[in-house]
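Structural characterization, general
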Amino acid sequence: QVQLVQSGGGLVQAGGSLGLSCAASGGTLNLYHMGWFRQAPGEERAFVAAISRSGTTTYYADFVAGRFTISRDNSENTLYLQMNSLNPEDTAVYYCAANTWGLTTATLKSQDFPYWGQGTQVTVSS
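Residues numbered from 1 in each chain as written. Predicted model: local features only at pLDDT ≥ 70, side-chain atom pairs only at ≥ 80, totals over all residues. Heavy atoms only, no water.

So, about the overall build of the protein chain. Across its full length, the protein chain holds zero helices and 11 strands. The linear arrangement of helices and strands in the protein chain, starting from the amino end, is β-β-β-β-β-β-β-β-β-β-β. At 13 Å, the protein chain has a C-alpha radius of gyration in line with the 14 Å of a compact globule built from 126 residues. Each principal axis of the C-alpha atoms in the protein chain carries an extent, and together these give about 40 × 30 × 25 Å. Taken across its 126 residues, the protein chain has 46% of its residues classed as buried. For the protein chain, long-range pairs separated by at least 24 residues make up 57% of all intrachain contacts whose partners lie at least 6 apart in sequence. By element, 48% of the accessible surface of the protein chain is carried by carbon and sulfur atoms, the whole surface being about 6,200 Å². Side chains of the protein chain give 6 positive and 8 negative charges; the mean places of these two sets differ by 5 Å. (Helix = DSSP H or I, 4+ residues; strand = E, 2+ residues; numbered from the N terminus. Rg over C-alpha atoms; globule rule 2.2 N^0.38 Å. Buried < 20%, exposed > 50% of the residue type's maximum accessible area, 1.4 Å probe, protein only. Contact = heavy atoms within 4.5 Å. Areas by Shrake-Rupley, 256 points an atom, 1.4 Å probe, with all protein chains shown as cover. Lys, Arg positive; Asp, Glu negative; His and termini not counted. Charge placed at Lys NZ, Arg CZ, Asp CG, Glu CD.)

To continue, consider the state of the cysteines. Under the counting rule described, the total for this entry stands at one disulfide. Across a sulfur-sulfur distance of 2.0 Å, Cys-22 and Cys-96 are joined as a disulfide pair. Negative torsions about the S-S bond denote left-handed disulfides, and the value of about 60 degrees found for Cys-22 with Cys-96 makes this one right-handed. Of the two residues, Cys-22 is situated in strand β3 (residues 18-24) and Cys-96 in strand β9 (residues 92-99); the sequence distance between them amounts to 74 residues. (Disulfide = S-S within 2.5 Å.)

An order of β1-β3-β8-β7 is seen for the four strands of this open sheet, with the pairing classed as antiparallel. Lying at the two open borders of the sheet, with one neighbouring strand each, are β1 (4-8) and β7 (68-73). For this sheet, the mean angle separating the axes of adjacent strands, direction not counted, is 20 degrees. (Pairing = 2+ DSSP bridges. Axes fitted to C-alpha atoms, helices over the stretch in contact; angles between N-to-C directions.)

This brings us to the nonpolar core. Core analysis: the biggest nonpolar cluster contains 37 residues, and Met-34, Trp-36, Leu-79, Leu-81, Met-83 and Tyr-94 have the highest contact counts within it. Among the secondary structure elements, those contributing two or more residues to this core are β3, β4 (33-39), β5 (46-51), β7, β8 (78-83), β9 and β11 (120-125). (Core = buried A, V, L, I, M, F, W, Y, C linked by side-chain atoms within 4.5 Å.)

Here it is as structure tokens:
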């Protein structure tokens, strides 16, 4: 069972930027397709972005397209989410997640990712 450890998050003003990171136990990040999800209080966990094992394919939710960038550096065993032009609606707990079987437009749901990081709070003030 892979363990995912997140870092980053915090408080940022509207219009600002913030970066998140995620590492896999045992240096195994290269074995997994990776995703970012977020969950605000009282809401379902929502897909944010995903990236294939090699980093050649990415997917974004409509509400973050053009503002967020998902990337990875397998040599550093690190997944990243760069968030720009943040607004208060982006306030949520952000989670990184991993799957092993595939990544398509039909496999971008929370249930498609069996392994999860601990989550980190992102708060955007108005």
